[in-house]
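One-letter residues, chain by chain:
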Amino acid sequence: QVADDCPPDVEALGRSTWTLLHTIAANYPKSPSYREQSDLKTFMGVFSRLYPCWVCAEDFQRYMEKEQIRVDSRNAFGTWLCEAHNAVNTKLGKPVFDCSKWEERWRTGWKDGRCD
Ligand code: FAD
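Residues numbered from 1 in each chain as written. Predicted model: local features only at pLDDT ≥ 70, side-chain atom pairs only at ≥ 80, totals over all residues.

- As annotated in an unreviewed UniProt entry, the chain carries the name Sulfhydryl oxidase and comes from Xylaria bambusicola.
- As recorded by UniProt, the Catalytic activity (unreviewed entry) comment attached to the chain reads in full: "2 R'C(R)SH + O2 = R'C(R)S-S(R)CR' + H2O2". (UniProt positions renumbered as here; feature names shortened; annotations may be inferred.)

Set out below in structure tokens:
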């Protein structure tokens, strides 16, 4: 456990980064404009080159080459991102997340009311 006022390790950086990425997906439009789609693609491409865990970044770039990013709607991107996160989970031996629930986790809150 590293304190919040110390430099982040790979785990703390990862948790914060996934929070940012899934929250971007949660706030992405259902029907994005051409500009919004293009911005998201550019952002994710640059992100995959600048992510400051180099092993992580290399693998993520490889993933993006194999699994083309989907930016044509909120659900398309949210699901693509969930699958990308699951690929990392699998690599690290963590449980796979049910991608039909990505919006409950990151946008609406759980249907059982546990975020209310
Ligand atoms: P995290 O994996 O950080 O997840 C945070 C929360 O997201 C979870 O508690 C859960 O509620 C939710 N969640 C889990 N899976 C999904 C999903 N599929 N979709 C939506 N929500 C989900 N670490 C390494 O050691 N090696 C690597 O190569 C590596 N590559 C990474 C690549 C990227 C692009 C990023 C952002 C992080 C990477 N990490 C890597 C960090 C790693 O993924 C974890 O963030 C870190 O191990 C902390 O894990 P955690 O168990 O706290 O949960």
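1. A look at the overall build of the chain
- Along the chain, the regular secondary structure elements total five helices and zero strands.
- Put simply, the chain runs from its N terminus to its C terminus through helices and strands in the order α-α-α-α-α.
- Judged by the C-alpha coordinates and their principal axes, the chain covers about 40 × 35 × 25 Å.
- Looking at the chain residue by residue over its 116 residues, the buried ones come to 8%.
- Pairs at least 24 apart in sequence give 46% of the contacts found in the chain among residues at least 6 apart. (Helix = DSSP H or I, 4+ residues; strand = E, 2+ residues; numbered from the N terminus. Buried ≥ 20, exposed ≤ 12 C-beta atoms within 10 Å, placed from the backbone. Contact = placed C-beta atoms within 7 Å.)

2. Let's talk about the site of the ligand
- If you check the shell around the ligand, you find 22 residues, and the closest are Gly14, Cys56, Cys82, His85 and Phe97.
- Only α1 (10-27), α3 (54-66), α4 (74-91) and α5 (102-108) provide two or more residues apiece to the shell around the ligand.
- Considering each element in turn, the shell around the ligand owes the most residues, seven residues, to α1.
- Of the residues assigned to the shell around the ligand, the class counts are eleven nonpolar, six polar and five charged. (Near = placed C-beta within 6 Å. Nonpolar A, V, L, I, M, F, W, Y, C, P; charged D, E, K, R; others polar.)

3. Brief notes about the packing of α1 against α4
- Contact geometry for α1 and α4: axes closest at 8 Å, N-to-C directions at 155 degrees. Here α1 lies roughly antiparallel to α4, going by the angle between them. Taking contact as the criterion, the partners of Trp18, Leu21, His22 and Ala25 in α1 are, on α4, Arg74, Phe77, Gly78, Leu81 and His85.
- Partitioned by chemical class, the residues of the contact of α1 with α4 number five nonpolar, three polar and one charged. (Axes fitted to C-alpha atoms, helices over the stretch in contact; angles between N-to-C directions. Parallel < 35°, antiparallel > 145°, perpendicular 65-115°, else oblique.)

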